[in-house]
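# Topology and contacts: notes
As a plain string of letters, each chain reads:
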Amino acid sequence: MAKLTHPKRALSTMPLKSSAPLGAALAYLGIDRAIPLFHGSQGCTAFAMVHLVRHFKEAVPLQTTAMNEVSTILGGADQIEEAIENLRKKSAPEFIGIASTALTETRGEDVPGDLRLILQRREDFADTKVVYASTPDFDGALQDGWAKAVEAIVSDLVPRVTERDVDLRQVTLLAGAHLTPGDIDELTRLIRSFGLEPLVLPDISGSLDGHVSDDWSGATQGGTPVARIPEAARSAFTLAIGESMRKAAQIIEDRAMVPYRVFQSVTGLKPVDALVRTLMALSGVADPPPSVKRDRARLVDAALDAHFHTGGVRVALGADPDLLFSLSTALTSMGAEIVAAVTTSQHSPLFDRMPCDEVVLGDLGDLRRGAEAGAAQILLTHSHGRHLSEALHLPLMRVGFPIFDRIGAQDVCRVGYRGSRAFLYEFANIMQAQHHRATPEDFGAAPIPEEFDHVPHIARH
């Protein structure tokens, strides 16, 4: 059980977290024919746009209501209506996801009320689904914004039913913010191997997987079709990946009586075994498919091979809570020790289960101090950690968001049997590449006292 601490300081000089509106925009990008819309100034949107483009190396259809000095004081309802109208004319999206920013939240605008009046008055907007999530920059992190966006989507688009019309072969997969497009692809493949059909929400594996389209569009191309989102009410079960997806799964259960289970991690042997057992129960099979059994056997072999390079390794890890929990539990199950853990948001109940003594709610400066104090041997965080890597002379394993100094971040997979195997290989190979000078103390021997004191050479003139 870890203790969550929050160092008091006036500012963060080496930020670890990305903002909540950015997380909401990322979730909205997992909807087909969608446009995320920031209700704030152009600067708020430009900063998020830079992060998304540098990470995915793709054009991202992120738009803004472009609040100015006057609208900030008098209210931005007119800006929202004008933005929706312009986006419909230029790009004809099926879905517009609005995320608030610190600018409008500080003023205290009643955006849900304004939006309700706009949609009632403008009947010509009826063929475009408009969803709003409150995501102030000053509260929470990327993971929280993603979760609020998913909660807003299911609250607005999943119908409330009184009698169930169940499709026994369909399951809803609520994907957490810590999953890459490659992760979602792997989970989808695993679910389908049991004869089940996943309804993924949100599905960035279709829109941000790095493909070249045949034509250009001002909205997303790929992702969860808007017309399919109400079908979540017919799913036999909801699989929520990440603790942050619990509330969204609860909303679906409240509205459509769909039972759910939260998987706080799907990285490592035991967490994936738990997911596979659930899929076996849902599909009614007594034995997993041969391909799944073979993937499990290969993960066991990978763990045997990798444990020489993971056992006893001191790790410093900085990430959002869901990713921090997933990777830290996988590494400690292989004998590693988490000597420094820094996270971005206090809105998670996972801290009680973290495999370390303390989790700091802080920045990369806290990660550096923790790594130095714990004599860490490797850093795990996003690309901004490269400065720490150089300063501390430690290897850096890039995880989380953003990763802008490497290509192919969208294809990285660290979930399921196959992704866990790749994660162990990646970690073990980084450690194996580090030069190590073995000493008797490494094998449990007591330090050998020096027989003679060192006498420095005295130069003769």
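Shown above is the structure to which this text applies.
My aim in this report is to walk through the structure given alongside it, one point at a time. Bear in mind the structure is a predicted one, so any value in this text is a computation, not a measurement. (Residues numbered from 1 in each chain as written. Predicted model: local features only at pLDDT ≥ 70, side-chain atom pairs only at ≥ 80, totals over all residues. Heavy atoms only, no water.)

## Section: the overall build of the chain
Helices and strands together make up the secondary structure of the chain, namely 16 helices and 14 strands. Taken over the C-alpha trace, the chain has a radius of gyration of 24 Å; the compact-globule value for 461 residues is 23 Å, and the two agree within 12%. Seen through its C-alpha atoms, the chain measures out along the principal axes to roughly 95 × 65 × 45 Å. A buried classification covers 53% of the 461 residues belonging to the chain. Expressed as a percentage of contacts within the chain between residues at least 6 apart in sequence, the contacts between residues at least 24 apart total 73%. By element, 53% of the accessible surface of the chain is carried by carbon and sulfur atoms, the whole surface being about 21,300 Å². Across the chain, 45 positive and 58 negative side-chain charges occur, with their mean positions spaced 2 Å apart. (Helix = DSSP H or I, 4+ residues; strand = E, 2+ residues; numbered from the N terminus. Rg over C-alpha atoms; globule rule 2.2 N^0.38 Å. Buried < 20%, exposed > 50% of the residue type's maximum accessible area, 1.4 Å probe, protein only. Contact = heavy atoms within 4.5 Å. Areas by Shrake-Rupley, 256 points an atom, 1.4 Å probe, with all protein chains shown as cover. Lys, Arg positive; Asp, Glu negative; His and termini not counted. Charge placed at Lys NZ, Arg CZ, Asp CG, Glu CD.)

## Focus on the packing of helix α11 (residues 269-283) against helix α12 (residues 290-310)
How two helices pack is summed up by the angle between their axes together with the distance between the axes. The contact between α11 and α12 brings their axes to 11 Å, and the two run at 170 degrees. Here α11 is positioned roughly antiparallel relative to α12, judged by the angle of their axes. Taking contact as the criterion, the partners of Leu-269, Asp-273 and Val-276 in α11 are, on α12, Val-292, Arg-296, Leu-299 and Val-300. Grouping the constituent residues of the contact of α11 with α12 by class yields five nonpolar, no polar and two charged. (Axes fitted to C-alpha atoms, helices over the stretch in contact; angles between N-to-C directions. Parallel < 35°, antiparallel > 145°, perpendicular 65-115°, else oblique. Nonpolar A, V, L, I, M, F, W, Y, C, P; charged D, E, K, R; others polar.)

## Considering empty space enclosed by the protein
A full pass over the atoms with the stated rule returns one cavity of 30 Å³ or more. Quantified by volume, the largest cavity comes out at close to 490 Å³. Along the wall of the largest cavity there are 36 residues; nearest its centre are Ala-177, His-178, Leu-323, Gly-400 and Phe-401. (1 Å grid on protein atoms, 1.4 Å probe; cavity = no way out; pocket = protein on both sides within 12 Å on 5 of 7 lines; lining within 4 Å. Points joined across faces, edges and corners; volume = space filled by probe spheres on them.)

## So, the sheet that holds strand β11 (residues 337-343)
If you trace the six strands from one edge of the open sheet to the other, you get β1-β12-β11-β10-β13-β14, paired in parallel fashion. Each edge of the open sheet is held by one strand with a lone partner, namely β1 (3-5) and β14 (396-398). Neighbouring strand axes in the sheet, compared pairwise and without regard to direction, differ in orientation by 20 degrees on average. Where strand β13 (residues 378-381) and β14 come together, three bridges link them in parallel fashion. Across the sheet, residue Leu-380 finds its bridge partner in β14, namely Met-397. Where helix α16 (residues 416-432) meets the sheet, it contacts β10 (314-318), β13 and β14, and its direction lies at approximately 140 degrees from that of β13. (Pairing = 2+ DSSP bridges.)

## Looking at the packing of helix α7 (residues 142-157) against helix α10 (residues 246-256)
Contact geometry for α7 and α10: axes closest at 9 Å, N-to-C directions at 10 degrees. Between α7 and α10, the angle falls in the class roughly parallel. Seen from α7, the contacting residues are Val-150, Glu-151, Val-154 and Ser-155; seen from α10, they are Lys-247, Ala-248, Ile-251, Ile-252 and Arg-255. Looking at the contact of α7 with α10 residue by residue, the class counts come to five nonpolar, one polar and three charged.

## Considering the layout of surface pockets
As a volume, the largest pocket reaches approximately 630 Å³. Broken down by secondary-structure element, the contributors of at least two residues to the lining of the largest pocket are β3 (63-64) and α4 (77-91). Residues that form the lining of the largest pocket fall into these classes: 14 nonpolar, 14 polar and four charged. Reported here for the second largest pocket is a volume of approximately 490 Å³. Lining the second largest pocket are 23 residues, and of these Thr-267, Gly-268, Leu-269, Lys-270 and Pro-271 sit closest to its centre. Sorting the residues of the lining of the second largest pocket by element identifies β9 (260-263), α11, α12, α13 (321-332) and α16 as the ones contributing at least two each. A per-element tally of the lining of the second largest pocket places α11 first, with four residues.

## Let's talk about the sheet that holds strand β2 (residues 34-39)
Read across the open sheet, the four strands follow the order β3-β2-β4-β5; overall the sheet is parallel. If you trace the sheet from one side to the other, it starts and ends with β3 and β5 (129-133), each paired once. Of the strand pairs in this sheet, β2 and strand β4 (residues 95-100) are connected by six bridges, and their pairing is parallel. Its bridge partner lying in β4, Leu-37 is registered against Ile-98. The sheet strands contacting α7 are β4 and β5, and the helix crosses β5 at an angle near 135 degrees.

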